[in-house]
Amino acid sequence: MSKLTHLDATGAANMVDVSEKDVTTRTAIAEGSVVMLPETVALIRQGDAKKGDVLGTARLAGIMASKRTHELIPLCHPLLISKVNVDCVLDDDLPGVRVTAEVKVSSQTGVEMEALTAVSVACLTIYDMVKAADRGMRIENIRLLMKSGGRSGIYEAP
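Residues numbered from 1 in each chain as written. Predicted model: local features only at pLDDT ≥ 70, side-chain atom pairs only at ≥ 80, totals over all residues. Heavy atoms only, no water.

Residue Leu 94 is joined to Pro 95 through a cis peptide bond whose omega torsion reads -20°. Within the fold, Pro 95 resides in the loop between strand 2 (83-91) and strand 3 (96-107). Positive phi, normally seen in glycine, also occurs at Leu 75, with a value near 75°. Among the secondary structure elements, Leu 75 is positioned in the loop between helix 3 (69-72) and strand 2. Leu 75 sits in the partly exposed class, given a relative accessible area of 27%. (Helix = DSSP H or I, 4+ residues; strand = E, 2+ residues; numbered from the N terminus. Buried < 20%, exposed > 50% of the residue type's maximum accessible area, 1.4 Å probe, protein only.)

This is how it looks when you write it as structure tokens:
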């Protein structure tokens, strides 16, 4: 395991100095899911949620959140994100919604936290929009699927 880069010699948290790193194209993909009753999936599919378009609102919330990650997560660098794509797909087998986010940037630091934040906030938005119909929903399995670019190269989840 490599050394934690957000800790200084005394163990205090600090922002990593990326000024000596090369600017490279960096991409990250994350996923998560919201497990719910089959009736709640049907409610979303039919467009009958009282708060409106659940999947469209969740996509927009995820995109917006990815751009504000540095305001939410201490020590994250503010980034000029080049691309954010958030997909929210109904899955009857789950049952629920599968959420994926891809974030891309040309920078000196990666976008893993931005992709994870996009998925997290999209999942929370789905929960918020249909919680009146199903309080037993679960947000599950938020994880990084892939990252590329930078000194550490490519990571793909097993």
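The next thing to look at is empty space enclosed by the protein. Inspection of the entire model under this criterion finds one cavity of 30 Å³ or more. Considering only enclosed or pocket space, the largest cavity measures out at about 40 Å³ in volume. Lining the largest cavity are Ser 66, Lys 67, Arg 68, Thr 69, His 70, His 77, Pro 78, Leu 79, Ile 81 and Glu 114. Per-class residue counts for the lining of the largest cavity are three nonpolar, four polar and three charged. (1 Å grid on protein atoms, 1.4 Å probe; cavity = no way out; pocket = protein on both sides within 12 Å on 5 of 7 lines; lining within 4 Å. Points joined across faces, edges and corners; volume = space filled by probe spheres on them. Nonpolar A, V, L, I, M, F, W, Y, C, P; charged D, E, K, R; others polar.)

Coordinates in, geometry out; function isn't part of it.
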